[in-house]
Each structure stands twice: as structure tokens, then as C-alpha cells.
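Each chain, written out:
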Amino acid sequence: MLTPAAFVQLFPEFGGQTNALLVQAKLQLAAARMGGPDYTVWGQPSATPGATPTIADQAQGYLAAHLLMASPFGTSTLLAQPKDGSGKSEYLRAFEELELSVAGGFAVAGAVV
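The shown structure was predicted, so the numbers you read here are calculated from the model rather than taken from an experiment.

## Focus on the nonpolar core
So, step 1. Membership of the largest hydrophobic core comes to 24 residues, with the highest contact counts inside it found for Phe7, Phe14, Trp42, Leu63 and Phe95.
So, step 2. The set of elements that each furnish at least two residues to this core consists of helix H1 (4-10), helix H2 (20-33), helix H3 (55-70) and helix H4 (90-102).
So, step 3. It is H3 that provides the largest number of residues to this core, a total of eight residues.

## Considerations on the confidence of the model for the protein
So, step 1. Summing up the model confidence of the protein, the mean pLDDT is 80 and the portion of residues at 70 or higher is 72%.
So, step 2. Per-element averaging of pLDDT across the protein places H4 at the bottom with 89 and H2 at the top with 92.

## Considerations on the packing of H3 against H4
So, step 1. Where H3 meets H4, the closest approach of the two axes is 8 Å, and the angle between their N-to-C directions is 150°. Relative to H4, H3 is oriented roughly antiparallel. Taken as a pair, H3 and H4 cross one another with a handedness that is left-handed. Between H3 and H4, the contacting residues are Ile55, Gln58, Ala59, Tyr62, Leu63, Ala65, His66 and Met69 on the first element and Tyr91, Leu92, Ala94, Phe95, Leu98 and Val102 on the second.
So, step 2. Looking at side-chain class alone, the contact of H3 with H4 contains 12 nonpolar, two polar and no charged residues.

## Topic: the pattern of salt bridges
So, step 1. Per the counting criterion, the structure on display carries one salt bridge.
So, step 2. Linking arginine 93 and glutamate 90 is a salt bridge whose minimum nitrogen-to-oxygen distance equals 3.4 Å. Taken as a pair, arginine 93 and glutamate 90 lie in helix H4 at a separation of three residues, close to a single helical turn.
So, step 3. The exposure class assigned to arginine 93 is partly exposed, which follows from its relative accessible area of 27%.
So, step 4. Its relative accessible area of 59% is what places glutamate 90 among the exposed residues.

## Side note on the environment of serine 89
So, step 1. By the secondary structure assignment, serine 89 is in the loop between H3 and H4.
So, step 2. Here the alpha-carbon distance between serine 89 and histidine 66, two residues 23 residues apart in the chain, equals 6.3 Å.
So, step 3. Only 3.1 Å separates the side chain of serine 89 from the backbone nitrogen of leucine 92, close enough to count as a polar contact.

The rules behind these values
Residues numbered from 1 in each chain as written. Predicted model: local features only at pLDDT ≥ 70, side-chain atom pairs only at ≥ 80, totals over all residues. Heavy atoms only, no water. Core = buried A, V, L, I, M, F, W, Y, C linked by side-chain atoms within 4.5 Å. Buried < 20%, exposed > 50% of the residue type's maximum accessible area, 1.4 Å probe, protein only. Helix = DSSP H or I, 4+ residues; strand = E, 2+ residues; numbered from the N terminus. pLDDT = per-residue confidence, 0-100. Axes fitted to C-alpha atoms, helices over the stretch in contact; angles between N-to-C directions. Parallel < 35°, antiparallel > 145°, perpendicular 65-115°, else oblique. Left-handed = near helix turned anticlockwise from the far one by under 90°. Contact = heavy atoms within 4.5 Å. Nonpolar A, V, L, I, M, F, W, Y, C, P; charged D, E, K, R; others polar. Salt bridge = Lys/Arg side-chain N within 4 Å of Asp/Glu carboxyl O. Polar contact = N/O pair within 3.5 Å; in protein donor to acceptor, adjacent residues only side chain to side chain.

The following block contains the structure:
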């Protein structure tokens with residue numbers, strides 16, 4: 001799981017004014033939404049500042065960034081809300097792209113007739 005320091009290194013726009021406890025809470029929420037401690041589909045997170053971020057790190061970071069931006073407590077970041085009315089931030093779009101990259105899609109098993 002990403003640490004707040006590693007998160008801010010990947011997303012410097014959340015440094016400074018953003019409360020470290022809020023960042024930690026959103027990182028934990030993002031990890032839970034990604035499957036909790038079972039990162040099988042995402043690969044292993046590196047979670048250390050300065051390390052090359054894995055897909056798991058990137059996904060957790062993008063989802064946490066979206067949650068921070070969407071939070072009433074995250075408004076201190078002064079990041080713009082999505083203008084297209086979808087409610088999807090660029091962070092959520094990036095998370096969804098990563099999600100698609102690790103999804104296996106449909107699998108059909110059985111005899112071919």
C-alpha cells in the first residue's frame with residue numbers, strides 16, 4: 001500500500017495543503033476498493049517513495065486522488081471538478097484505464113461442439 005509520502009511524490013498537487021491523515025484515509029479506502037489485502041489481480045505494490053511505481057501503486061494512487069478531489073474535505077486542493085457532468089475526474093479515468101489493463105475479460109470453458 002502506498003504511504004502518504006509516496007503518494008505525494010506521485011501526485012505533488014496534493015502536497016502542502018492536504019492533510020496527511022486525510023491522504024492516509026483515502027489511500028486505505030482506495031486499497032479496500034481494489035480488493036483489500038488481496039492484490040493478486042493488480043500485482044504487488046512497492047509502496048516506497050522513490051521506487052518505480054507498480055500498476056498496483058498507480059491504481060491506488062489514482063483512485064485515492066479521485067477520492068480526495070471528490071471529498072468535501074479535499075476542496076483545499078483547489079483542483080477543478082470535471083466539467084463534462086460525468087463526475088469522473090481525470091484521476092478516475094486513469095484508474096479505469098489501469099483497471100481495464102489488468103482485467104481478464106470473459107472466459108468460456110467447456111467442450112467445443
